[in-house]
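If you want the building blocks of each chain, they are given just below.
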Amino acid sequence: FRRVLFRSMNAVREAKLALDELQAAAKKAEAGSDPAAIEAARQAVVAGRRKVIGLLRLAVQLGDADDRDRLNDARSALAYYLFENQQYHEAAAIGDFLLRWYSESPRSPQAAKVTLASWQLLQRQSTAEWGEAAKRRARDTANVILKKWPEKAEAADAAVVAIAAATEDRDPEALLALVAR
């Protein structure tokens, strides 16, 4: 299975390179004034991103638990590309999985940041009831990030979210606990 995961990740790398080229072409098209070319370039980027997502899903499914680092790299990248594709529920779920089960993985802080951003965007897009649940999940994610990686850059974003949540909840004890950290 290690060879299968390795080959899958090579295919992902190639698809990412192709996506980078599509994104560069889209930027070039946006500098022009042809709406049809701009839309075609945007659609090509979406298709390229979907291909990367599909290959990453395959890599995760075929991955071997013995090759945990490479598998977690694939999971983290999948969370990122799902976020870029505005699939926030899935991005949050995968990022949260890495945050809670594989926080020692080098890519987990990045996945946690994607998770936090996903929950924040879901607060704004959903119904009031779902928005409240997403806000709680964002606060919980921020607190986990602050506990696991207080010295990493991701903690700064998490602190902003946690402080905003404590302020909105009118919770002076939570604010003081955050300041004490």
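For the structure itself, consult the block above.
Residues numbered from 1 in each chain as written. Predicted model: local features only at pLDDT ≥ 70, side-chain atom pairs only at ≥ 80, totals over all residues. Heavy atoms only, no water.

Visitor: Please clarify how the environment of Glu132 should be interpreted in this entry.
Guide: On the secondary structure map, Glu132 appears in helix α6 (residues 128-148). Given a relative accessible area of 40%, Glu132 falls into the partly exposed group. Distance from Glu132 to Leu122, taken between C-alpha atoms, is 9.6 Å for residues 10 residues apart in sequence. (Helix = DSSP H or I, 4+ residues; strand = E, 2+ residues; numbered from the N terminus. Buried < 20%, exposed > 50% of the residue type's maximum accessible area, 1.4 Å probe, protein only.)

Visitor: Mind showing me how you'd approach the packing of helix α2 (residues 35-62) against helix α3 (residues 68-84) here?
Guide: When two helices pack together, you describe them by how their axes are tilted relative to each other and by the distance separating the axes. The interhelical angle for the contact between α2 and α3, taken along N-to-C directions, is 150°, at an axis separation of 9 Å. Accordingly, the angle class assigned to the pair α2 and α3 is roughly antiparallel. The two elements α2 and α3 cross, and the hand of that crossing is left-handed. The residues of α3 that touch α2, namely those facing Arg49, Val52, Ile53, Leu56, Arg57, Ala59 and Val60, are Leu71, Ala74, Arg75, Ala77, Leu78, Tyr81, Leu82 and Glu84. Grouping the constituent residues of the contact of α2 with α3 by class yields 11 nonpolar, no polar and four charged. (Axes fitted to C-alpha atoms, helices over the stretch in contact; angles between N-to-C directions. Parallel < 35°, antiparallel > 145°, perpendicular 65-115°, else oblique. Left-handed = near helix turned anticlockwise from the far one by under 90°. Contact = heavy atoms within 4.5 Å. Nonpolar A, V, L, I, M, F, W, Y, C, P; charged D, E, K, R; others polar.)

Visitor: Any chance you could explain the packing of aromatic side chains here in plain terms?
Guide: Two aromatic rings, taken as a pair, are described by how far apart their centres are and by the angle between their planes. Applying the stated rule across the entire model yields four aromatic pairs. When the ring of Trp119 is compared with that of Trp130, the centres are 6.1 Å apart and the planes differ by 55°; the resulting orientation is tilted. Of this pair, Trp119 sits in helix α5 (residues 108-125) while Trp130 sits in helix α6, and the two are 11 residues apart along the sequence. Exposure remark for Trp119: the relative accessible area of 6% places this residue in the buried category. (Phe/Tyr/Trp six-rings, centres within 6.5 Å; stacked < 30°, edge-to-face > 60°.)

Visitor: Would you take a moment to explain the environment of Glu21 for this structure?
Guide: Structurally, Glu21 is set in helix α1 (residues 2-31). Residue Glu21 is classed as exposed on the basis of its relative accessible area of 59%. In sequence terms Glu21 and Val45 are 24 residues apart; their C-alpha atoms lie 9.0 Å from each other.

Treat this as a map of the structure, not an account of what it does.
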